[in-house]
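Chain by chain, the residues:
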Amino acid sequence: MTCGDDTKIILTGFEPFGGMDKNPSWDGVSLVPDTISNNKGEQISVIKLRLPVVFSGAFELLKDKIISVRPSCVICTGLAASRSDITPEVIAVNVMSGRIADNSGFRPDWEKIDPCGPDGLFSTLPYREMVSAVNALGISSSLSFSAGTFVCNDLFYRLMKYAVTEDNARQFKAGFIHVPDIDPGLIAKALCECVRTVSSLPTALLPKS
Ligand code: PCA
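Residues numbered from 1 in each chain as written. Predicted model: local features only at pLDDT ≥ 70, side-chain atom pairs only at ≥ 80, totals over all residues. Heavy atoms only, no water.

**Q** Please clarify how the overall build of the protein should be interpreted in this entry.
**A** When its secondary structure is counted, the protein shows five helices and eight strands. Helices and strands appear in the protein in the N-to-C order β-α-β-β-α-β-β-β-β-α-α-β-α. A globule of 209 residues ought to have a C-alpha radius of gyration of about 17 Å, and the protein, at 16 Å, matches this closely. Principal-axis analysis of the C-alpha atoms gives the protein an extent of 45 × 40 × 35 Å. Across the 209 residues that make up the protein, the buried fraction comes to 52%. (Helix = DSSP H or I, 4+ residues; strand = E, 2+ residues; numbered from the N terminus. Rg over C-alpha atoms; globule rule 2.2 N^0.38 Å. Buried < 20%, exposed > 50% of the residue type's maximum accessible area, 1.4 Å probe, protein only.)

Here it is in structure tokens:
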């Protein structure tokens, strides 16, 4: 089993959806520096990717990128306009359902993402440490226990299934962060801190069994 390259992190944001002309998740990601020094003095390359708001299609693009880059970590982000905090997601659920259609016109109505998959899959990012680190910058952050049932959760679920249960077990840390509709500069600052945190910690922290 080959491990991902310790110095490479993939960071994604979404294109606009639902009639909006911007998506702060991508606006924030695009402002993150291409290279970040972590707390161990290592230089981390940040590979950024803008994803379409399309069920399954977003993950297919991300998967191609993961295969070509072989990163040590993948952090996906999306907008949660009703929130005010930077919210690392704890768990993805095996449900897809939309109040609106995705950008391809598809609107699932309470379907499983993967009929044979587990009900939920935990993020393997050190989400609790990320919340502390972002709050320490003076930017409000808290954990979220639901990424909803729209495209963000769909991407998160498919990513975790690939990272945790397919051939890739433990090769790379992965998870999702919802961002609020705030200044993209602040979002970038918070994401930069999350990259630093995840790349400075030896292993992702899962709940103790
Ligand atoms: N937010 C949506 C999809 C894309 C985005 O930025 C969501 O929370 O599912």
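**Q** Teacher, can you tell me more about the pattern of salt bridges here?
**A** When the charged atoms of two side chains with opposite charge come close together, those side chains can pair. Counting across every chain of the model gives seven salt bridges. Where Lys 48 meets Asp 34, a salt bridge forms, and the shortest distance between an N and an O atom there is 3.0 Å. Placement of Lys 48 in strand S3 (residues 43-51) and of Asp 34 in the loop between helix H1 (24-30) and strand S2 (35-37) is noted, with a sequence separation of 14 residues between them. Exposure remark for Lys 48: the relative accessible area of 22% places this residue in the partly exposed category. According to the relative accessible area criterion, Asp 34 is exposed, its value standing at 52%. Residue Asp 154 pairs with Arg 158 through a salt bridge whose shortest N-O separation is 3.0 Å. (Salt bridge = Lys/Arg side-chain N within 4 Å of Asp/Glu carboxyl O.)

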